Structures are given as structure tokens and as C-alpha cells.
Amino acid sequence: MASGFKIEDKQPQLAQAMRTVGGNQRISRAYLFEGQAGVGQEELATFMAAMIFCVGDTPKPCGVCSHCQRIKNQDYGDVIWIEPDEGSLKIDQMRAVKQDLSLSAIESESKVFVLTQSERMTTAAANSLLKFLEEPNENVYLFLLTTQRDNILPTIRSRCQVVHFPSLNRQQVIAALEQAGLTLERAQLMSALTSDLTRAEALNQDDIFKHQVNSAWGWLSLILKRDIRSFTMVASEWIPLTKDREANQRLLELVLLYGADLLKLKQNPDATDLMQPTKRSDYLAVLNLVSLEALLEIVSLIARVEAMIEHRVTVQAALEYFVLTSWDLLKSLPL
């Protein structure tokens, strides 16, 4: 039964499993939710907190009672979210948790603490938390959220119920990004680049990345036409935009995405599983300029150029090498 919690769309099997656990009154005192960023750790913590405090009809959480609604909005006094302070979870924050434990619950008999990015705990904070886990309070629930399970102390992991979050499939990523406000076309693009929703949403707000998205296809199409502008574009557009190595590797990831779509269409003009289906007509307009063999070589070349940038070849030299080598491939492997 859907209750309006986002976790039921992202991780329906986990949501149902936890609903069963709650229905059987077997909720553990401490959980470690681990998996890739954006796959549902925060949403499941919200779902579980609502299950604990829900005053609506069964099955819980109902999603509509006042407690569920306020917990969804992080506006419930006995659900405390703790985030890193200046990049880390500090001992003072753990001391504040202990102080909070000495106080009566505000609205119920229980309390829930949610520690986001728990891998960022300092050693002192982790040791302080370990003492709490060794002597759990009957009415206190703790949810540790992490994308880096191995960075959590083994002694803390061993005292938590560990829940692994599988990566989202592409359609789930697209749906989640659309819910976050992206257009379908942009959601399709971002889902082809990453299944990490947090990274996808951050990239979508990045001005450099936006420019790269707007110009990457034009650059590749000029390369395939062996147009001199594709070479001069490196110095006139890409380098002035940014010399950052990671950002230019993202540019090459975009080019690789378009190259993969071209390969699909070169092998099957009726292919429907394109990463960017809205560019089909653009793709078809240049396919007659390149042989399958040359296209395969150019797609392979992209990975080599990314490695060049990673190994400290200057960005400009690497991008210009990509253009010139692609031209050589197009010339040596004609239609």
C-alpha cells in the first residue's frame, strides 16, 4: 500500500521489507544504511521514523496523519537530523546527542537520531557514538547513513543492522530526476552519465557543465565533418571555459555518450534504446560521414584521452590530440 513516501518509488522492495519489520514490531535500535549517494538512505530513514511515530491507520506509516506529514517535512521534534559541521561529524555533536538523550521526548516516548554522511565522523566522535551503541536506550533509534561503508569503524558496523541499498536502474533515476524538476531530456542525459542522484542534481546546477552540454554535440559533429573549427574550438571555447581536469573529463563523457548512440544507430538505424533519443535526427545527419570502423576507434580513443588528462597531460594538448587523431582515423578508415 503506497503512502506517499519517496522510498516506495526508489526502493520498493526495501520499503516493503521494512514495513513488514515494523508491523512485526522488530525495528532494531541502530541501523547502518549504506549505498551509492542518492539511492534512498535519507528517504528510508524518514520512512522508518514515520513508522515509529505514525498515529494513523495500519499498515504504518500511513503517510497522511499529522505525524507522518511533519516527519516528511523534517518538522517533528523527536526526529533529530545531524549533519556534518564544516565537513565532519564532531565530538561536540555526539555530546549534544548524549545531552539530548537525558531530556524527555518532546512529543512521544521515543526519539530518533539520523546521522547523515556518517563516514565523516572524527575518531573522537566515533568512539563517543560507540559507547552509546554499547548501552542502547530502549526508546532511542539511531540511523547512520553512508556512501562509504568501509570508512565506518568495524566496531560500529557490528553493532548496527546493516542495510545495503542497490543502485537504481536507469528508469528509476530518470523518474527521480524528473521529480526533482529536470526536464525529461535532461533527466535522460544525466541518467546516462551517472546513477548517483546527488551528483546528477549537482551537475545540473553547474554552469560549466551546462555550457558543455550545450556545445559538446556541436563539437563532435564538427570533428566528424573534419571541420577546422573543431580544432580551434579547443583553444577558443573549451580552455577559456575551464582548465579543470575533472570538468574536461566530463566533457569527454558527454562526447562518449553521443558516440555510443551513434554506434547503436550505425549498427541498427531503427535502434530505440538511445541515451539521448531527442538527438536521433542530429545523429542520422552525420552517420553517412563515418564508417563503423572509424566510429569504433573514435569511441575507444575517448578513454585514452581521458587517461591522458588524468596523467597530467595538459587539457589543451589532450583535447587537440583527440581532434587530430579522430581526423586521421576518419581519413584512414573511409566509408
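Residues numbered from 1 in each chain as written. Predicted model: local features only at pLDDT ≥ 70, side-chain atom pairs only at ≥ 80, totals over all residues. Heavy atoms only, no water.

J.: In this structure, what is going on with the sheet that holds strand β2 (residues 79-82)? I would like to understand it.
T.: Sheet strands pair via backbone hydrogen bonds, and the direction of the pair is either parallel or antiparallel. The five strands lie next to each other as β2-β3-β4-β1-β5, forming an open sheet whose pairing is parallel. The strands lining the two open edges of the sheet, one partner per strand, are β2 and β5 (161-165). In this sheet, neighbouring strand axes are inclined to one another by 15° on average, regardless of whether the strands run parallel or antiparallel. Sheet analysis places β2 next to strand β3 (residues 111-115), joined by four bridges and oriented parallel. Within β3, the residue paired with V79 across the bridge is V112. Of the strands in this sheet, β2, β3 and β4 (140-146) touch helix α5 (residues 91-101), which is tilted by about 175° from β3. Of the strands in this sheet, β1 (30-35), β3 and β4 touch helix α6 (residues 123-134), which is tilted by about 140° from β4. (Pairing = 2+ DSSP bridges. Helix = DSSP H or I, 4+ residues; strand = E, 2+ residues; numbered from the N terminus. Axes fitted to C-alpha atoms, helices over the stretch in contact; angles between N-to-C directions. Contact = heavy atoms within 4.5 Å.)

J.: Looking at this structure, I do not really get the pattern of salt bridges. What am I missing?
T.: Side-chain pairs of opposite charge can arise whenever the charged atoms involved come near each other. Scanning the entire structure with this criterion turns up eight salt bridges. When the shortest N-O distance is used, the salt bridge between E34 and R149 registers 3.8 Å. Here the residue E34 occupies a position in strand β1, and R149 occupies one in the loop between β4 and α7 (154-157), the gap between them amounting to 115 residues. For R149, a relative accessible area of 34% gives the class partly exposed. (Salt bridge = Lys/Arg side-chain N within 4 Å of Asp/Glu carboxyl O. Buried < 20%, exposed > 50% of the residue type's maximum accessible area, 1.4 Å probe, protein only.)

J.: Help me understand the nonpolar core in this model?
T.: In a soluble, globular protein the nonpolar side chains are often hidden away together inside. Among the nonpolar cores identified, the biggest contains 88 residues, and F33, M48, F143, W219, L262, L319 and F322 are the most heavily contacted of them. Not counting chain neighbours up to four residues away, the residues in contact with M48 comprise M18, I27, Y31, F33 and F143. (Core = buried A, V, L, I, M, F, W, Y, C linked by side-chain atoms within 4.5 Å.)

J.: Looking at this model, I keep getting lost on the packing of helix α9 (residues 184-193) against helix α10 (residues 197-204). Mind explaining?
T.: The packing of two helices is summarised by the inter-axis angle and the distance between the axes. Across the interface, α9 lies against α10 with an axial gap of 10 Å and an inter-helix angle of 125°. With respect to α10, the element α9 is oriented oblique. Relative to α10, the crossing made by α9 is right-handed. Across from R186, M190 and L193 in α9, the residues of α10 making contact are R199, A200, L203 and N204. Residues belonging to the contact of α9 with α10 are distributed by class as follows: four nonpolar, one polar and two charged. (Parallel < 35°, antiparallel > 145°, perpendicular 65-115°, else oblique. Left-handed = near helix turned anticlockwise from the far one by under 90°. Nonpolar A, V, L, I, M, F, W, Y, C, P; charged D, E, K, R; others polar.)

J.: Sorry if this is basic, but what is going on with helix α13 (residues 245-267) here?
T.: For α13, spanning 23 residues, the distance from its first C-alpha to its last is 33 Å, which sits close to the expected 33 Å at 1.5 Å a residue. Two to three positions downstream of the cap, the backbone nitrogen of E246 sits 3.2 Å from a side-chain oxygen, assigning the N-cap of α13 to D244. (Expected span 1.5 Å × (residues − 1). Polar contact = N/O pair within 3.5 Å; in protein donor to acceptor, adjacent residues only side chain to side chain.)

J.: How should I be thinking about the environment of T198 in this particular structure?
T.: Looking at where T198 falls in the secondary structure, it is placed in helix α10. Residue classification places T198 among the partly exposed residues on the basis of a relative accessible area of 49%. C-alpha of T198 to C-alpha of K111: the two residues are 87 residues apart in sequence and 28 Å apart in space. With near-sequence residues (within four places) excluded, T198 lies in contact with A37 and G38.

J.: Even after reading the chapter, I still don't get the confidence of the model for the protein, so can you show me in this structure?
T.: Reading predicted coordinates in detail is not appropriate for stretches of low pLDDT. With 98% of its residues at a pLDDT of 70 or more, the protein shows a mean pLDDT of 91. Mean pLDDT across the elements of the protein ranges from a minimum in α5, with 82, to a maximum in helix α12 (residues 229-241), with 97. (pLDDT = per-residue confidence, 0-100.)

J.: Can you help me understand unusual backbone geometry in this one?
T.: Trans peptide bonds make up most of the peptide bonds, and negative phi angles are found at most residues other than glycine. Between T58 and P59 the backbone carries a cis peptide bond, its omega angle lying at -5°. Take P59: it is sitting in the loop between α3 (41-53) and α4 (66-72). Following K60, the chain continues into P61 via a peptide bond in cis, with omega recorded as 0°. Backbone geometry at R312 places phi at a positive 75°, although glycine is not the residue there. Examined against the element boundaries, R312 turns out to sit in the loop between α15 (292-310) and α16 (315-332). Under the relative-accessibility criterion, R312 is labelled exposed at 61%.

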